[in-house]
Amino acid sequence: MADAGATYDLEIGGMTCASCASRIEKRLNRIEGVTASVNYATEKAHVEAAPGVEVDDLISEVVRTGYTAALPRTDEPADADPSYRLLRLRLIVATALAVPVILLSMIEPLQFPGWQWASLVLATPVVTWAAWLFHRAAWLNARHRAVTMDTLISVGVTAAYLWSLYALFFGTAGMWGMTHPFRFTIERGDGLGSIYLEVAAGVTMFLLLGRFLEHRSKRRAGAALRALGELGAKDVAILRDGVEQRMPLARLAVGDVFVVRPGEKIATDGVVLEGASAVDASMLTGESVPVEVAAGDAVTGATVNVGGRLLITASRVGADTQLARMAQLVEEAQSGKAEAQRLADRLSAVFVPVVFALAAVTLVAWLIAGGGAAAAFTAAVAVLIIACPCALGLATPMALLVGTGRGAQLGVLIKGPEVLESTRRVDTIVLDKTGTVTSGRMTLLEVVPAEGQDPQEVLRLAAAVEEASEHPIAQAIVRAATERLGEIPTVSDFQNVQGRGVTGVVDAHAVVAGRPALLADWALHLSPALRSAFDRAESEARTAVAVAWDGEVRGILVVADQIKPSSAAAISALRGLGLTPVLLTGDNEQAARQVAAAVGIDQVRAGVLPEGKVAEVTALQQQGRVVAMVGDGVNDAAALAQSDLGVAMGTGTDAAIEASDLTLVRGDLWGAVDAIRLARCTLGTIRGNLFWALAYNVAALPLAALGLLNPMLAGAAMAFSSVFVVLNSLRLRRFRSAAPGMS
C-alpha cells in the first residue's frame, strides 16, 4: 500500500498522439485520491497517490484504457527501446515492399502480365503487419468514441485494400494483361477495373516515416537526465583511520571525510576540512573564474579541483546533492512543458468526421437516386480513398528531412517537429554569458609594463613562473606567451601560494606573480600608474596579475573571459528577427553589465544560480513572453528544458545539449540566428505542404461523391500532390546562413 503522499513515475506505452495522453490522464484522475499528469513527449505519467492507492491500481487502470504502464527499470540500458526497434523494422519492410507497388501502379511500361497480383502479394504485409499500429490506434479510438488522423489512415488504407481485393476477385481488375493507363478524364464508372494497392501501401510507408521521425525525437527526451547522471564522480577516496580507501560513490555517507587531488572531480557536496585550492564550478554556477576555497568553505559535487589537495567532509549525498536537484529540475521542466499537437492531428478533428459523414451521405444519396448498389458503394469508397492523406503524411517528414539536413550542413541540429512551432512564437531570447556570449575560457587581453620595461619580457618571465601552475588564469598567460613568443624558459624553486599567486626563479631572476597582497609580502608595491591600470581592470570585472622580479614591480597582465567576436553582430540580428535579448548569468553584476554593454543587451539578470535561472525563465513566461534560452553549461540544463525553445551550444556540456531543442555545432550566436530562421522557414514549408496536400483531397471529394472520379486521375492527383510536397520541401536546400562568410 502506498504511503501518504506517495509519488510514482510510470512509463506509458502504446500512445500514438496527444489525445492518447489526455485520455489516460482523465482515467487516472477519476481514481479517488489521485492527481495525474501524462506527458506524450516523454511517455511518462507523473502520479501523486493518496494512502490506500497502490501502484498496481494505477497500472491496471492504464491497461484497461488500452495502453501499457510500468515502473521505470533502473537496470535497463538507456538505448533499450523495443518499440523503437519494431517501428524501424516496420518502416524498412514497408519501404522495401511499397516502392515496387507504387512503381508498378504508376508506370505503365512496368506493368507486366499479372503485375496486379504481384502487387497484391507485396502490399498485403504492408497493409496488415506494417500498418498494424494505425489499425490498433483506430480501434482504441473507436472504443472511446473518438477519431484522429490514425482513424482516417486506418479506414482509408483498409478501404483501398479491400476494394482492390473486390476488384481483383469479382471485377475485371484481375484479368491477365490488365494495365492502368493514364487518362486525364472525368468519367463515371463502377471502379471494378481499378485497384488502389499503391495508395494503401504508399500511405502506410509515408506515415510510418513520419511516425519514426517523431518517435526518434521523443526517445531523446530523457537523455538530459542521463547526461547529468554521467557528470558526477564515479568513485571516491574516503579517509578511514588515516588511510585512503577508493570506493564506489554509493558507499559515501554524510559525515565521511574524502580526499580530492588536483584535477579530480569533487565527489559530493561538502565542507573543506583541510587544504586550500581553486575550484572550477563553471559547469554549475556559470562563474568563469575558478573560486578559491579554504578550510570551512562549502563546495559542490561534480565541480573540479584545479589547485591543491583537499580534505572534504560530505554534507549531502545521493538525491540531496545540488547535481541531483538540477536533474530533478530538468525532469520537472520537461514534464511540465506543453506538447503542441501536430497540425495534422488538429486538422483531423474536423476533417475525419466530415469525410465519414460525406461517405455515408454519398452512399445513401446514390441508393435513393437509384444508381445501383455497385455505383453507390464505388462512390462512397472513392470518397474514403481520395480523402486518405498520402501527401498529408509526407508533408511534415519530408520538410523535416530537408530542413534538418540543411541545418546540419550549417551546424544547426533540430531535434523534432514540436520545436518548430516554438520558433514562430518566440519573442524573447535569454542568453547565458559564459561560453555563449563569451568564449568561456580565460584569455590574456593586455600587458601593461612599468615605465621603461619591455612588455614581452614581462610576459615571458610571468609565463615561465606560471607554467607550473594548473590555475586557469595561469594557463591563459602561458598560452598567450607560447603563441606570441614561442619557447618559454624553465622555472626553479617554484612555489604556489594558494589564492594569492606564484613565485620562482627564472633565468637567475626571483620572480613573483599574483595579487598585490602577495607582492606586499616581498615589500613590493605598485607604482601609481600600475595601480591605476590594476584598479581599472578590476572595475571592468577583469582579473589583473602583478609581475615583479629583482625587487621591482615590472608590470601587470590583464586576463578575462573574452567576448566572442561574433556576439555583438549576432545579437543585433536576433533583434532584427523580433527577439528581445536578456543576459542571464551566475557571474557577478559588474562583469555581466560590462559584457551586456559591449554586445548591446539592455536587460541583465546577474548572480543567478541554476534554480534561479529556471525561476527567471518562468517569470518571463508568466509575463506572457515566449522564451528561447541559449546556454552551454550544466547550470543551464534545467532552464533550457523550462524555456519554450532551448538552444544549446555544441561546444557545451552533454546535459545542456540533451535538454535543448536546438543544438548549435559552431558554438557562436550566429548559429542561433540561423537556427531560428531555418526553423521558421521549415515550419512555413510544413504549413504550405499541409495546406496543398489537404487542398488536393478537398477539391477531389465532390468529384468522388458525384461518381465522376476516374481512378487514374485520382492516382495522378495523389502522385502530383506528393511530388509537389517533395519539390516544395526541397526548396529548403537553398536556405543560406546569415553569418558573414557562411553559405
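Residue indices begin from 1 for each chain and proceed along its sequence in written order. The predicted origin of the model limits local features to residues at a pLDDT of at least 70 and limits the giving and counting of side-chain atom pairs to 80 or more, whereas totals for whole chains, interfaces and linings rest on all residues. Only hydrogens and water are set aside; all other atoms, that is, all heavy atoms of the structure, feed into the side-chain values.

Secondary structure follows DSSP: runs of H or I at least 4 residues long count as helices, runs of E at least 2 residues long count as strands, and numbering of each begins at the N terminus. Helices and strands together make up the secondary structure of the chain, namely 26 helices and 26 strands. Only protein chains enter the calculation, and the probe is 1.4 Å; a residue is then buried if its accessible area is under 20% of its type maximum, exposed if over 50%, and partly exposed in between. Expressed as a percentage of its 743 residues, the buried residues of the chain come to 53%. By the convention used here, residues are in contact when the closest approach between their heavy atoms is within 4.5 Å. Partitioning the intrachain contacts of the chain with sequence separation of at least 6 by distance along the chain shows that 70% fall at a separation of at least 24.

Inspection of the secondary structure puts Asp-269 in strand β8 (residues 269-274). The exposure class assigned to Asp-269 is buried, which follows from its relative accessible area of 1%. A polar contact is formed between the side chain of Asp-269 and the side chain of Arg-316, at a distance of 3.1 Å. Dropping the residues within four chain positions of it, Asp-269 is found in contact with Val-299, Thr-300, Gly-301, Thr-313, Ala-314, Ser-315, Arg-316, Thr-321 and Gln-322. Counted as a polar contact is a pair of N or O atoms within 3.5 Å, where, for protein atoms, one must be capable of donating a hydrogen and the other of accepting one, and residues adjacent in sequence contribute only when both atoms are in side chains.

This part covers the sheet that holds strand β15 (residues 428-432). Two strands are counted as paired when DSSP detects at least two bridges linking them. The seven strands lie next to each other as β14-β26-β25-β24-β15-β22-β23, forming an open sheet whose pairing is mixed. Only two strands of the sheet have a single partner each, and these edge strands are β14 (412-414) and β23 (603-605). Adjacent strand axes in the sheet meet at a mean angle of 20 degrees when their direction is disregarded. With five bridges joining them, β15 and strand β22 (residues 580-584) adopt parallel strand pairing. Within β22, the position partnered with Asp-432 by the bridge is Leu-584. All axes are obtained by fitting lines to C-alpha atoms, using only the stretch in contact for helices, and the reported angles, taken between N-to-C directions, cover 0 to 180 degrees.

Now for the nonpolar core. Generally speaking, soluble globular proteins have nonpolar side chains that are buried together. Formed by 55 residues in total, the largest nonpolar core has its most connected members in Phe-134, Ile-195, Leu-197, Leu-208, Val-355 and Val-383. The set of elements that each furnish at least two residues to this core consists of α3 (82-106), α4 (115-130), α5 (132-143), α6 (149-170), α7 (197-218), α11 (343-368), α12 (373-387) and α25 (670-705). The leading source of residues in this core is α7, at 11 residues. Dropping the residues within four chain positions of it, Phe-134 is found in contact with Asp-150, Ile-153, Ser-154, Thr-204, Leu-207, Leu-208 and Arg-211. Here, nonpolar core means buried Ala, Val, Leu, Ile, Met, Phe, Trp, Tyr and Cys residues that are tied together by side-chain atoms lying within 4.5 Å of each other. With 36 residues, the next largest nonpolar core counts Ile-601, Val-626, Val-647 and Phe-735 among its residues.

What follows concerns unusual backbone geometry. For Ala-302, which is not glycine, the phi dihedral falls at a positive 80 degrees. Note on placement: Ala-302 falls in the loop between β11 (298-299) and β12 (304-305). You can call Ala-302 buried: its relative accessible area is 2%. Phi angles above zero are rare outside glycine, and Asp-507 is one such case at about 50 degrees. Inspection of the secondary structure assignment puts Asp-507 in the loop between β18 (501-506) and β19 (509-514).

For the rest of this paragraph, the subject is α5. The length a helix should cover is 1.5 Å for every residue beyond the first. Helix length check: α5, at 12 residues, gives a terminal C-alpha distance of 16 Å against a target of 16 Å (1.5 Å per residue), a fit within 8%. Every buried residue of α5 is accounted for by Leu-133, Phe-134, His-135, Ala-137, Ala-138, Leu-140 and Asn-141. Positioned one or two residues after α5, Arg-145 has a phi angle of 55 degrees, which is positive.

We now examine the sheet that holds β18. Strand order in the open sheet made by the six strands is β16-β21-β20-β19-β18-β17, with antiparallel pairing throughout. In this open sheet, the two strands that pair with only one neighbour each are β16 (438-449) and β17 (492-497). Between one strand and the next, the sheet's axes are offset by a mean angle of 20 degrees, whatever the strand orientation. Here four bridges tie β17 to β18, and the two strands are oriented antiparallel to one another.

This next bit is on the UniProt feature "transmembrane region" (unreviewed entry) in the chain. UniProt positions are given in the numbering used here, feature names are shortened, and annotations may be inferred rather than shown by experiment. On the UniProt side, "transmembrane region" (unreviewed entry) is annotated at positions that read residues 89-108, 114-134, 146-171, 191-210, 347-369, 375-402, 690-709 and 715-732 here. Between the C-alpha atoms that bound residues 89-108 there is a distance of 30 Å. The span itself is 90% helix and 0% strand. Regarding residues 114-134, the helix share stands at 90% and the strand share at 0%, and the terminal C-alpha atoms are separated by 30 Å.

On the surface, Leu-363, Val-364, Leu-367, Ile-368 and Phe-377 cluster together into a nonpolar patch covering about 480 Å² of accessible area. In terms of residues, the nonpolar patch owes the most to one element, α11, which gives four residues. Assignment of secondary structure puts Leu-367 in helix α11. Judged by relative accessible area, which is 48%, Leu-367 ranks as partly exposed. Exposure above 30% relative accessible area and no salt bridge define the residues that can form patches, which grow by joining like charges within 9 Å and nonpolar side chains of Val, Leu, Ile, Met, Phe, Trp and Tyr within 5 Å. Per-residue and other accessible areas follow the Shrake-Rupley method at a 1.4 Å probe size, with only the shown protein chains counted as cover for residues. A pair is scored as a salt bridge if a Lys or Arg side-chain nitrogen falls within 4 Å of a carboxyl oxygen belonging to Asp or Glu.

Moving on, we come to the pattern of salt bridges. The full count for this structure, using the stated rule, is 17 salt bridges. One salt bridge in this structure joins Arg-64 and Glu-61, with 2.6 Å as the shortest N-O distance. Placement of both Arg-64 and Glu-61 in helix α2 (residues 55-65) is noted, with a separation of three residues, approximately one turn of the helix. Residues Lys-613 and Asp-432 are paired through a salt bridge, measuring 3.1 Å at the closest nitrogen-oxygen approach. Here the residue Lys-613 occupies a position in helix α22 (residues 610-622), and Asp-432 occupies one in strand β15, the gap between them amounting to 181 residues. Asp-432 shares its class with Lys-613; the two are buried.

Take α25 next. With 36 residues, α25 should reach 52 Å at 1.5 Å per residue; the first-to-last C-alpha distance of 53 Å fits that figure. Residue Gly-707 follows α25 closely and has a positive phi angle near 75 degrees.

The next thing to look at is the pairing of strand β3 (residues 44-49). On any regular strand, side chains alternate: one points to one face of the sheet, the next to the other face. Side-chain alternation along β3 places Ala-45, Val-47 and Ala-49 on a buried face and Lys-44, His-46 and Glu-48 on a face that remains uncovered. Both strand β1 (residues 6-13) and β3 contribute to a ladder of six bridges, which runs antiparallel. Note on β3: the bridge partner recorded for Glu-11 is Lys-44. Pairing analysis gives six bridges linking strand β2 (residues 34-39) to β3, with the strands arranged antiparallel. Paired with Ser-37 across the bridge in β3 is His-46.

Next up on the list: the packing of helix α16 (residues 455-466) against helix α17 (residues 472-485). The interhelical angle for the contact between α16 and α17, taken along N-to-C directions, is 130 degrees, at an axis separation of 9 Å. Between α16 and α17, the crossing angle belongs to the class labelled oblique. By crossing handedness, the relation of α16 to α17 is classed as left-handed. Here α16 contributes Gln-456, Leu-459, Arg-460, Ala-462, Ala-463 and Glu-466 to the contact with α17, which in turn contributes Ala-474, Ile-477, Val-478, Ala-481, Arg-484 and Leu-485. Residues are sorted three ways: Asp, Glu, Lys and Arg are charged, Ala, Val, Leu, Ile, Met, Phe, Trp, Tyr, Cys and Pro are nonpolar, and all the rest, Gly among them, are polar. Looking at the contact of α16 with α17 residue by residue, the class counts come to eight nonpolar, one polar and three charged. For this classification, under 35 degrees means roughly parallel, over 145 means roughly antiparallel, 65 to 115 means roughly perpendicular, and everything else is oblique. Should the near helix be turned anticlockwise from the far one by less than a right angle, the crossing is termed left-handed; should it be turned clockwise, right-handed.

Any pair of Phe, Tyr and Trp rings, taking the six-membered ring for Trp, is counted once the centres come within 6.5 Å. Such a pair is stacked with planes under 30 degrees apart, edge-to-face with planes over 60 apart, and tilted for the rest. Using the criterion set out here, one finds three aromatic pairs in the structure. Centre to centre, the rings of Trp-117 and Phe-169 are 5.3 Å apart; their planes meet at 75 degrees, and the pair counts as edge-to-face. Placement of the pair is Trp-117 in helix α4 and Phe-169 in helix α6, with a sequence separation of 52 residues. You can call Phe-169 exposed: its relative accessible area is 51%. Members of the aromatic cluster, connected to one another through ring pairs, are Trp-163, Tyr-166 and Phe-170. Look at NZ for Lys and CZ for Arg. If either is within 6 Å of the ring centre and within 35 degrees of the ring normal, a charge sits over the ring. A cation over an aromatic ring shows up here: Arg-90 above the ring of Trp-129, its NZ or CZ 5.0 Å from the ring centre.

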